[in-house]
Amino acid sequence: MHSVRTEGSSGQYPVVQNQTVTEGGTANMTCRAEDNDQTSLQWSNPTQQTLFFGDKKALRDNRIELVRASWSELTISISEITLADEGMYTCSLFTMPVKTAKAYLTVLGVPEKPEIDGLTKPALEGDEITLTCMTHGSKPAADLRWFRNEKEIKGAKEVNASGKTFTVTSSLQLLVDRRDDGVAYTCKVDHVALAQTPQQATEVLEVHYAPRVVITNSLTFPQEGQYLKLECVSKGNPSPDPVLWTKDGGELPDLERMILEGRELTFTTLNKTDNGTYRCEASNHLGTSSAEYILYVYDPNAMGQHGPDHALIGGVVAVVLFVTLCLIIFVGRYLARHKGTYLTNEAKGADDAPDADTAIINAEGNTHGEKKEYFI
């Protein structure tokens with residue numbers, strides 16, 4: 001608030017302050033003249049209607065009341081403030097000439113609770129939808145913010161004037177996927193009139209999508225006599241219940257060792273006859289999905305306690321030995337080839353030499369030469 005005063009040619013002058021009030025609230029308008037010599041004070045509204053002259057009420061408006069009246073102060077209150085009350089109010093000190101001070105009353109328009117439109121329930125995976133959040137009655141224009149659960153995301157804002165207030169709209173475009181199922185989209189209104197309690201609206205998306213299936217197993221290397229549980233994990237909305245189990249393209253065998261309960265297929269005691277391809281299929285109105293598990297039952301006597309680990313180590317050792325052997329053969333052939341070249345060159349030099357020294361000299365000089373004959 002700022003003190004405002006308007007001085008006349010000399011002497012006393014009134015002092016007032018600008019006011020900001022939220023729509024529906026109460027404004028207290030105070031005018032002071034500290035050194036007043038028993039001269040009357042008066043408040044007037046923006047249309048220059050007198051509200052109070054001293055302690056005398058001049059305008060019939062039940063919202064306007066006298067708070068304090070003296071020679072040095074005139075304070076009035078205006079309750080249930082509306083946007084129409086906004087404007088310049090004048091305090092007059094009836095000296096000669098009359099001295100005045102003006103105070104501006106600003107009224108904040110409270111934005112209405114926002115509404116979210118454009119949500120289809122349920123939405124289908126792959127749909128493109130636009131969520132629209134709208135609030136009316138703000139002054140100045142409110143700000144709209146979007147949140148996906150607790151994380152803020154950006155929307156496209158539009159502001160339109162409607163008399164003294166504003167209508168604010170923010171839109172959010174979404175390409176819906178299964179990760180949006182159960183996600184809360186919230187639109188919050190931020191405005192100075194709302195202080196620390198912003199208005200907000202929330203919509204929770206329901207997304208329908210086709211199932212996806214995987215099969216989990218309780219054993220990495222199933223062996224004869226062991227217990228094995230296969231579970232068909234299917235995620236879809238609506239939930240794809242029940243699921244269908246098959247073996248090698250046909251129905252499951254009717255075995256006492258095999259238990260089928262919902263999504264779980266359990267073998268209480270494995271044997272070789274259980275080998276095969278097991279398939280789980282799940283469906284809802286949006287599609288069908290399946291997964292396969294190839295069961296091979298190992299012989300515990302052939303594998304040993306850690307058969308798979310030993311087989312893996314043995315394979316690695318075999319590869320290393322093979323690479324080493326190949327390297328030895330390659331080096332041996334390389335050395336043999338160079339030794340043969342030396343012996344061949346030595347033999348060529350010894351063909352026409354009377355002794356060994358001459359043979360070596362001849363070999364070095366004629367390694368790449370040709371034998372020539374001359375006729376006289």
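Residues numbered from 1 in each chain as written. Predicted model: local features only at pLDDT ≥ 70, side-chain atom pairs only at ≥ 80, totals over all residues. Heavy atoms only, no water.

Undergrad: Give me the lowdown on the state of the cysteines, citing residues and values where you can.
TA: A complete count under the given rule lists 3 disulfides for this structure. Shown here is the disulfide that connects Cys232 with Cys280, its sulfur atoms set 1.8 Å apart. Handedness here is read from the sign of the S-S torsion; for Cys232 and Cys280, about -75°, the answer is left-handed. A residue pair is termed long-range when its members are at least 10 positions apart, and Cys232 in strand E22 (residues 228-237) and Cys280 in strand E26 (residues 276-284) qualify at 48 residues. Accessibility classification places Cys232 together with Cys280 in one group, the buried group. (Disulfide = S-S within 2.5 Å. Helix = DSSP H or I, 4+ residues; strand = E, 2+ residues; numbered from the N terminus. Buried < 20%, exposed > 50% of the residue type's maximum accessible area, 1.4 Å probe, protein only.)

Undergrad: Quick rundown of a nonpolar patch on the surface? Include the residues and the values.
TA: On the surface, a nonpolar cluster with roughly 550 Å² of combined accessible area is contributed by Leu327, Phe330, Val331, Tyr334 and Leu335. Topologically, Phe330 is positioned in helix H2 (residues 307-350). Here Phe330 falls in the exposed class, since its relative accessible area comes to 58%. (Patch = residues over 30% accessible without salt bridge, like charges linked within 9 Å, V, L, I, M, F, W, Y side chains within 5 Å. Areas by Shrake-Rupley, 256 points an atom, 1.4 Å probe, with all protein chains shown as cover. Salt bridge = Lys/Arg side-chain N within 4 Å of Asp/Glu carboxyl O.)

Undergrad: Break down the layout of surface pockets for me, with residues and values.
TA: Computed from the structure, the second largest pocket encloses a volume of approximately 160 Å³. Surrounding the second largest pocket, Thr39, Ser40, Leu41, Phe53, Gly54, Asp55, Ala69, Ser70, Trp71, Glu73 and Leu74 form its lining. Classifying every residue of the lining of the second largest pocket by side-chain character gives 5 nonpolar, 4 polar and 2 charged. (1 Å grid on protein atoms, 1.4 Å probe; cavity = no way out; pocket = protein on both sides within 12 Å on 5 of 7 lines; lining within 4 Å. Points joined across faces, edges and corners; volume = space filled by probe spheres on them. Nonpolar A, V, L, I, M, F, W, Y, C, P; charged D, E, K, R; others polar.)

Undergrad: Requested: an account of the pattern of salt bridges, with residues and values cited.
TA: Side-chain pairs of opposite charge can arise whenever the charged atoms involved come near each other. Per the stated rule, a full pass over the model turns up 18 salt bridges. As a salt-bridge pair, Arg279 and Glu281 come within 4.0 Å of each other at their nearest N and O atoms. By relative accessible area, Arg279 is classed as partly exposed at 30%. Each of the salt bridges in this network shares a partner with another, and the network as a whole consists of Arg32, Arg68 and Glu73.

Undergrad: Now, about the side chain of Glu73: what can you tell me, with residues and values included?
TA: Inspection of the secondary structure puts Glu73 in strand E9 (residues 73-78). By relative accessible area, which is 11% here, Glu73 ends up buried.

Undergrad: Tell me about the pairing of strand E27 (residues 287-295), and please be specific about residues and values.
TA: Here E26 pairs with E27 via 9 bridges, running antiparallel. Opposite Ala282, over in E27, you have Ser289 as the bridge partner. Connecting E26 to the antiparallel partner E27 that follows it, the hairpin turn spans 2 residues. (Pairing = 2+ DSSP bridges.)

These figures capture arrangement, not role.
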